[in-house]
Every structure is written in structure tokens, then in C-alpha cells.
Amino acid sequence: LTTEAFNALLKTLEEPPEYVKFIFATTEPHKVLPTIVSRCQKYDFKRVSVKTISEKLDSIAKAEDLKIDADAIYAIAKAATGSLRDALSILDQLSALSAKTIKAADVVSMLGLVETEFIFELTQAVAEKDCEKCFTVLDKILNQGKDVKQLLRNVVEHYRHLMVIKVGGKELSRL
């Protein structure tokens, strides 16, 4: 909202009808004027964990008699980035496209994700300082029509996982 719109809202908040309750939801709380924030109760919601989303998807799949492998459930939960609604939407789309069986390859294909093997192959080539192999792997990935931004996210996440394992081993595996 603009500053003028916030000021108009402030007038309504200062003298609301007693039968009205306002609920504001924003992903940018820093943009809300302090005069508005001071008149509100604030609740911060957290993203749903991959484990919780996976468990919910598994129970829904069983209830709907969908055959879905554990890797596919994990891939959906991870792709949903903490949003159960997004995970359910992905599952719904996949169930409409497949004949009662959903595999991880279906999730990867539908969402345009980069296969894990390619990420491992690319990072191995980097570790070996093999530029030719890096370009070959990148060419394979791009020829499949994969999104470069998604590839970069996957590579950064992979290096993060490697760093956590190297620093903390099994003690930090929950990270």
C-alpha cells in the first residue's frame, strides 16, 4: 500500500465498528507503517518442514490410493519450500497426469528440476578442476531445457549440504 492508503487505513483502525475484525497478512512487514503495527497483534508464521509436508503427502496418497514413491514425495515437499498448499497443488497436478503411479522422475520432469545425478556429476567435475567435464555436464543439463536459475539454486544447496556434513558430520545432519 502507498503511504496515503496506509493513512486512510489508520483512520479506520482508530475508529473501527465494533463488529469488525481486521486481519492483515503480508510477506513484507517492514513496509507496514509503525503507526499501523502499533495497533495490531503480530503473529509470525513459519514454513512447514519438509518432513511434515512429506508425512501429509504420504497420508493423502494412501487415502486417495495413489502409488507414489518416497523420492517423489520428498521431491514435492522440497519443491514446495515450506508451503503445504503448494505441495498439495503439485501432488494434484501429478495425480492428474499419471495413471495412479507417481515417480521422482515425474516430479523432476513436471517441475523442471535438475536431476541429482547431474548435480553430483557437476560438483565432482569442479572438485577435479575438469573444465571440459563441467561444460559437458552443463551442456547436457541445458539441452534438456532445465532452468539455469533452478540449476544454480540446486548447486548452491548441494554445496551447503556438503559444507554442513564436512563441518559437523552426523551431529549436524538435521540441518
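Residues numbered from 1 in each chain as written. Predicted model: local features only at pLDDT ≥ 70, side-chain atom pairs only at ≥ 80, totals over all residues. Heavy atoms only, no water.

Draft legend 1. Here's a closer look at the overall build of the chain. Check the secondary structure of the chain and you find 9 helices and 2 strands. For the chain, the N- to C-terminal ordering of α and β elements is α-α-α-β-α-α-β-α-α-α-α. Overall, the chain is about 65 × 45 × 35 Å in size when its C-alpha atoms are taken along their principal axes. Relative to its full complement of 175 residues, the chain shows a buried share of 26%. Within the chain, contacts between residues at least 6 apart in sequence are counted, and of these 56% link residues at least 24 apart. Looking at the chain as shown, the accessible area adds up to about 13,000 Å², and 57% of this sits on carbon and sulfur atoms. Charged side chains of the chain number 25 positive and 25 negative; the gap between the two group centres comes to 4 Å. (Helix = DSSP H or I, 4+ residues; strand = E, 2+ residues; numbered from the N terminus. Buried < 20%, exposed > 50% of the residue type's maximum accessible area, 1.4 Å probe, protein only. Contact = heavy atoms within 4.5 Å. Areas by Shrake-Rupley, 256 points an atom, 1.4 Å probe, with all protein chains shown as cover. Lys, Arg positive; Asp, Glu negative; His and termini not counted. Charge placed at Lys NZ, Arg CZ, Asp CG, Glu CD.)

Draft legend 2. How the structure looks around the environment of serine 49. On the secondary structure map, serine 49 appears in the loop between α2 (34-37) and α3 (50-63). Since its relative accessible area comes to 35%, serine 49 is described here as partly exposed. Residues serine 49 and threonine 81 lie 32 residues apart in sequence; the distance between their C-alpha atoms is 8.4 Å. A distance of 2.8 Å separates polar atoms of two side chains, one belonging to serine 49 and the other to threonine 52. (Polar contact = N/O pair within 3.5 Å; in protein donor to acceptor, adjacent residues only side chain to side chain.)

Draft legend 3. Local environment of the nonpolar core. Core analysis: the largest hydrophobic core is formed by 19 residues, its most contacted members being Leu57, Ile68, Ile76, Leu91, Ile102 and Val107. The set of elements that each furnish at least two residues to this core consists of α3, α4 (70-79), α5 (84-97) and α6 (104-111). Top element by residues in this core is α4. It accounts for 5 residues. Excluding its chain neighbours within four sequence positions, the residues that come into contact with isoleucine 76 are Leu57, Ile68, Ala87, Ile90, Leu91, Leu94 and Val107. One finds Val114, Leu122, Ala125 and Val137 within the second-largest nonpolar core, a separate group that totals 10 residues. (Core = buried A, V, L, I, M, F, W, Y, C linked by side-chain atoms within 4.5 Å.)

Draft legend 4. Structural view of the pattern of salt bridges. For the structure on display, the rule yields 9 salt bridges. A salt bridge links glutamate 115 to lysine 146, with the nearest nitrogen and oxygen atoms 3.7 Å apart. Placement of glutamate 115 in the loop between α6 and α7 (116-127) and of lysine 146 in the loop between α8 (131-143) and α9 (148-168) is noted, with a sequence separation of 31 residues between them. (Salt bridge = Lys/Arg side-chain N within 4 Å of Asp/Glu carboxyl O.)

Draft legend 5. View of the state of the cysteines. Taken as a whole, this structure holds 0 disulfides when the rule is applied. Distance from the sulfur of cysteine 131, which forms no disulfide, to the nearest cysteine sulfur (cysteine 134) is 6.0 Å. Residue cysteine 131 is classed as exposed on the basis of its relative accessible area of 54%. (Disulfide = S-S within 2.5 Å.)

Draft legend 6. Broad picture of unusual backbone geometry. With phi around 55°, aspartate 65 is a residue other than glycine that occupies positive phi space. Mapped onto the fold, aspartate 65 is located in the loop between α3 and β1 (67-68). Owing to a relative accessible area of 52%, aspartate 65 belongs among the exposed residues under this scheme.

Draft legend 7. Local environment of the packing of α5 against α6. Running from N to C, α5 and α6 point in directions that differ by 110°, and their axes come no closer than 11 Å. If you check the angle between α5 and α6, you find them roughly perpendicular. Residues Ile90, Gln93, Leu94 and Leu97 of α5 form the contact with α6, whose own contacting residues are Asp106, Val107, Met110 and Leu111. The class makeup of the residues in the contact of α5 with α6 is 6 nonpolar, 1 polar and 1 charged. (Axes fitted to C-alpha atoms, helices over the stretch in contact; angles between N-to-C directions. Parallel < 35°, antiparallel > 145°, perpendicular 65-115°, else oblique. Nonpolar A, V, L, I, M, F, W, Y, C, P; charged D, E, K, R; others polar.)

Draft legend 8. Inspection of a nonpolar patch on the surface at higher detail. A contiguous nonpolar surface patch, about 240 Å² in accessible area, is contributed by Val126, Tyr159 and Leu162. If you trace the backbone, valine 126 turns up in helix α7. Under the relative-accessibility criterion, valine 126 is labelled partly exposed at 41%. (Patch = residues over 30% accessible without salt bridge, like charges linked within 9 Å, V, L, I, M, F, W, Y side chains within 5 Å.)

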